[in-house]
Amino acid sequence: MDEEYDVIVLGTGLTECILSGLLSVDGKKVLHMDRNNYYGGESASLNLTQLYSKFRPGQSPPEDLGKDRDWNIDLIPKFMMANGEIVKFLTYTDVTKYLEFKQISGSFVFRGGKIAKVPTTETEALSSPLMGIFEKRRMKKFLTWVQGYKDEDPNTHQGLNVDKDDMKAVYAKFGLDAGTQDFIGHAMALHLDDSYLTQPARDTCEKIRLYAASVLRYGKSPYIYPLYGLGDLPQAFARLSAVYGGTYMLDKPVSELVYDDSGKVTAVKAGDETVRAKKVICDPSYATNKTRKIGSVVRAICLLTHPIPNTGDIDSVQIVLPQNQIGRKHDVYVACVSSAHNVCAKDYYMAIVSTIVETDNPEKEIEAGLNLLGPIHDKFVSVSPLEVPENDGTADQVFISRSYDATSHFETVCEDVHDLWRRITGEPLVLKKRTEEEGATA
């Protein structure tokens, strides 16, 4: 191949496909390659046969599970916040025309050994079983303050400054107890740990507003999910890239990255072909010498024949088990979808339980989440490394994404996309809905 590309993207995980689509829309000449013969990489959706060959080589799926075509099983399940950043990516690029979404029916939190729906409005706070009557009033005042806070109007501040006061001070001001702080910080603001308590309150307040606004958009819960699983997301962005001139090659055994004397990447070798490029974007598996492992994620894909108990028999749910409630340093996440989302056979449910590994017995660490599921029909457990790039990529022009974390939502993936875009282009990624004229030029 004599052609030179602006960017070669390696791996068809969601992060890489979003960037491939955005860079193609931005007018860049993009070549996208993957060693696999399917889209999605680590974030693929598998049918039954693929699932069993990955986790139990040589074993065929039992007949009672139905046909391959009935199953689209996410390896890394994540829900979308209805007003969140991932939806902005979808609407900005018009990728929504390739996808159909369904709401997730409930968002729950584990507290005091039980699960309960996360209250998102003042009214819900008053009826929530998570709090006593006086704590409910305090929670209502807190939510009212978060929603009403306006920088330009000191009357809405109640003596607090969200850029100077940390969340510990905010919680203290409203007298909220530790359990209430847990579900606000972890199930609404979706923080990964308690370090947010000593950070300025603005970020947490904005995340709570996003959560509440996402609930208002559809009711019931803040989350939506694509029919047929997340595997269609990378493909949708791949289609977008192709519309704008991007080239895709699956089943390409990428062997090495080629550098010039100054250490900058100049090409990618795949078999006996060498393709030139000014920049390379890849997932950690394509540049293992430039990444470091910062931990591991344990995930259990559980097939159920019933909805998760104590959720009101709903067809889908997210449950967050905050670290403090289960004596851990990291939260445990449960994401459950069902045949209503076209991801499993009729009358089946699929729950995935995940967390960051802290001990040498990973499966034991997700026990609190597994115990919420009731009888488990079948279970597939995996442990994946959490890898991050050693450098920002500006020196060698190799830009590496982060591994997918244990969270059951897309907010951290979107942060990585924004971070990569800034490193690649030197500018912040600004998303705005394109006009019909702009869309029609494709």
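Residues numbered from 1 in each chain as written. Predicted model: local features only at pLDDT ≥ 70, side-chain atom pairs only at ≥ 80, totals over all residues. Heavy atoms only, no water.

- Under an unreviewed UniProt entry, the name given to the protein is Rab GDP dissociation inhibitor, and the source organism is Syncephalastrum racemosum.
- Under the Sequence similarities (unreviewed entry) heading, UniProt states for the protein: "Belongs to the Rab GDI family." (UniProt positions renumbered as here; feature names shortened; annotations may be inferred.)

1. So, the packing of aromatic side chains
Inference 1: For the structure on display, the rule yields 13 aromatic pairs.
Inference 2: Both rings, one in Tyr39 and one in Tyr248, keep their centres 5.9 Å apart while their planes meet at 50°; by these two values the pair is tilted. Of this pair, Tyr39 sits in the loop between strand S2 (30-33) and strand S3 (45-46) while Tyr248 sits in strand S10 (residues 247-249), and the two are 209 residues apart along the sequence.
Inference 3: Judged by relative accessible area, Tyr248 falls into the buried class, the value being 19%.
Inference 4: Aromatic side chains Phe79 and Tyr225 sit 5.8 Å apart centroid to centroid with 90° between the ring planes, which places their arrangement in the edge-to-face category. On the criterion of sequence distance, the pair formed by Phe79 in the loop between strand S4 (73-74) and strand S5 (80-81) and Tyr225 in strand S9 (residues 223-226) is long-range, its members being 146 residues apart. (Phe/Tyr/Trp six-rings, centres within 6.5 Å; stacked < 30°, edge-to-face > 60°. Helix = DSSP H or I, 4+ residues; strand = E, 2+ residues; numbered from the N terminus. Buried < 20%, exposed > 50% of the residue type's maximum accessible area, 1.4 Å probe, protein only.)

2. Some remarks on the domain arrangement of the protein
Inference 1: Taken domain by domain, the protein comprises domain 1 (4-44 + 231-292 + 387-425), domain 2 (57-104 + 295-386) and domain 3 (119-218).
Inference 2: Taken over C-alpha atoms, the centre of domain 1 sits 37 Å from the centre of domain 3.
Inference 3: Together, the buried faces of domain 1 and domain 3 total about 290 Å²; carbon and sulfur atoms form 75% of this surface.
Inference 4: Per-residue buried area on domain 1 facing domain 3 is highest for Thr407, His409 and Glu411; these three make up 71% of the total on that side. (Domains from an automatic or database assignment. Buried area = accessible area lost by both parts, 1.4 Å probe.)

3. A look at helix H9 (residues 232-243)
Inference 1: For H9, which comprises 12 residues, the first-to-last C-alpha distance of 16 Å matches the rise-based estimate of 16 Å (1.5 Å per residue) to within 8%.
Inference 2: Those residues of H9 that fall on the buried side of the exposure criterion are Leu233, Pro234, Ala236, Phe237, Ala238, Leu240 and Ser241.
Inference 3: At the exit of H9 stands Gly245, carrying a positive phi of roughly 100°. (Expected span 1.5 Å × (residues − 1).)

4. Examining the packing of helix H5 (residues 133-148) against helix H7 (residues 178-188)
Inference 1: Two elements in contact, H5 and H7, have axes separated by 11 Å at closest approach and are oriented at 40°. For the element pair H5 / H7, the angle class is oblique. H5 and H7 meet at a crossing whose hand is right-handed. Between H5, through Glu135, Met139, Phe142 and Leu143, and H7, the contact on the second element is made entirely by Thr180, Phe183, Ile184 and Met188. (Axes fitted to C-alpha atoms, helices over the stretch in contact; angles between N-to-C directions. Parallel < 35°, antiparallel > 145°, perpendicular 65-115°, else oblique. Left-handed = near helix turned anticlockwise from the far one by under 90°. Contact = heavy atoms within 4.5 Å.)

5. Looking at the state of the cysteines
Inference 1: Summed over the entire model, instances satisfying the criterion amount to zero disulfides.
Inference 2: Here Cys17 stays unpaired: no disulfide links it, and the sulfur of Cys282, its closest cysteine neighbor, is 13 Å away.
Inference 3: Classification of Cys17 as buried rests on a relative accessible area of 0%.
Inference 4: Between Cys302, a free cysteine, and Cys336, which holds the nearest cysteine sulfur, the sulfur-to-sulfur gap is 9.6 Å. (Disulfide = S-S within 2.5 Å.)

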